[in-house]
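Survey of secondary and tertiary structure
Chain by chain, the residues:
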Amino acid sequence: GVTGLAAGTSVFVWTITSGACSSSDTVNIINGVIPFVNAGLDQQLCNVFISTLAGNTPGAGSGLWTVLAGGGVVTAVANPNSAVTGLSMGLNTFRWTITSGICTASHDINITVNTPPTAATAGPDQAICTNTATLVGNIPGVGTGLWTLISGTGTITTPASASSGLTALGVGANTFRWTISNAPCPDSFDEVIITVSAAPTAATAGPDQ
C-alpha cells in the first residue's frame, strides 16, 4: 500500500536483490486534481423555451454540457455559458462536466418551464338586498385561486374556493378579486362588484278609517 500521495507524479522503484546482484524497475503513479465544477443555479421559466446556461469556466481542462432530461438543445456544448433552445414544458436537466487530466467532476442544473395560470373569471356583477352572497369564480385548470377583498366590506368564508360564500357585506359596492397563480408566471385576476341595496323603510299605511 502507499499513502500520502501528492498531486502530480510520484515515482517508485521496486528493487530485487539476490546476493551481489540486483534488478530494479520504476512505476509512476499520477495523482490528478479533481476539478471544481458548478453548473449554476436552477432556473424557473414561464412559457419560455430558450435560456442561457451558467456553468463555471474550467480552471484546467475542458467542459462539456450534456442533456439528462427534457427536450433542450445546447447550442455550444463546450461553452459554459451556452444558449439552450427547444426546452420542454416541465423539467429539463443539464449536466456540466469538467475533465482535467485523468480526473472528472460534474454538476447538474434543472430548468423548469412552467405553464401560465388559467385566465381568471370572477363571474358577473351582482345586485342584492341581503348581506350574504356566493361568489362564482372559475375553477383553475392550472394554478391555484384566491379571493381577496379590494374595496367595501365583507367576509370571504373560504378564500381558496372559487364558489366561496360571503357574509357581512356592507351596503353599497363591494369589490372582490379572484386571482389564479402559478409561480413564477404572472398572476391572472378578475374582479366582481357586489352591490348591496339598503332595505327600504318599513311601510306604514296608517290606521283603518
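Described below are features of the structure shown in this document.

As a further point, take the sheet that holds strand β15 (residues 172-181). Strand order in the open sheet made by the 4 strands is β10-β16-β15-β12, with mixed pairing throughout. Unpaired on one side and paired on the other, β10 (126-128) and β12 (144-151) mark the two borders of the sheet. Mean inter-strand twist for the sheet, computed between neighbouring axes without regard to direction, equals 25°. Two strands pair when backbone bridges link them, and β12 and β15 are joined in this way by 7 bridges, in the antiparallel orientation. Each residue of the ladder has a partner; that of threonine 144, found in β15, is serine 181.

Within a pair of aromatic rings, the relevant descriptors are the distance that separates the centres and the angle that separates the planes. The full count for this structure, using the stated rule, is 2 aromatic pairs. We note arginine 177 situated over the ring of phenylalanine 189; from NZ or CZ to the ring centre the distance is 4.2 Å.

Right, let's get into the sheet that holds strand β6 (residues 73-74). If you walk across this open sheet you meet the 3 strands as β4-β7-β6, and the pairing is antiparallel. Both edges of this open sheet fall to β4 (51-52) and β6, since each of them pairs with a single strand only. Pairing geometry for β6 and strand β7 (residues 83-85), over 2 bridges, is antiparallel. Across the sheet, residue valine 73 finds its bridge partner in β7, namely threonine 85.

Mapped onto the elements of the fold, proline 124 is located in the loop between β9 (103-114) and β10. Distance from proline 124 to phenylalanine 189, taken between C-alpha atoms, is 14 Å for residues 65 residues apart in sequence.

With that settled, consider the side chain of serine 82. Mapping serine 82 onto the fold places it in the loop between β6 and β7. Under the relative-accessibility criterion, serine 82 is labelled buried at 1%. A polar side-chain atom of serine 82 sits 3.3 Å from a polar atom in the side chain of threonine 75. A distance of 2.9 Å separates a polar side-chain atom of serine 82 from the backbone nitrogen of alanine 76.

Another aspect to go through is the pattern of salt bridges. Side chains carrying opposite charge are able to pair once their charged atoms draw close together. Counted according to the given criterion, the structure contains 2 salt bridges. Its salt-bridge partner being aspartate 108, residue arginine 95 comes within 2.7 Å of it at the nearest N-O pair. Note that arginine 95 is positioned in strand β8 (residues 90-100) and aspartate 108 in strand β9, a separation of 13 residues in sequence. The partly exposed category is assigned to arginine 95, whose relative accessible area is 29%. A residue is classified by how much of its surface remains accessible, and aspartate 108, at 30% relative accessible area, is partly exposed.

Turning next to the pairing of β9. Looking at chain direction, strand β3 (residues 43-46) and β9 are connected through 4 bridges and run parallel. Bridge pairing in β9 links glutamine 44 to threonine 112. Counted along the chain from β8 to the antiparallel partner β9, the turn is 2 residues long, and its residue glycine 101 has a positive phi close to 65°.

Cut-offs applied
- Residues numbered from 1 in each chain as written.
- Predicted model: local features only at pLDDT ≥ 70, side-chain atom pairs only at ≥ 80, totals over all residues.
- Heavy atoms only, no water.
- Pairing = 2+ DSSP bridges.
- Helix = DSSP H or I, 4+ residues; strand = E, 2+ residues; numbered from the N terminus.
- Axes fitted to C-alpha atoms, helices over the stretch in contact; angles between N-to-C directions.
- Phe/Tyr/Trp six-rings, centres within 6.5 Å; stacked < 30°, edge-to-face > 60°.
- Lys NZ or Arg CZ within 6 Å of the ring centre and 35° of its normal.
- Buried < 20%, exposed > 50% of the residue type's maximum accessible area, 1.4 Å probe, protein only.
- Polar contact = N/O pair within 3.5 Å; in protein donor to acceptor, adjacent residues only side chain to side chain.
- Salt bridge = Lys/Arg side-chain N within 4 Å of Asp/Glu carboxyl O.

Keep in mind that these numbers describe shape and distance, not what the molecule does.
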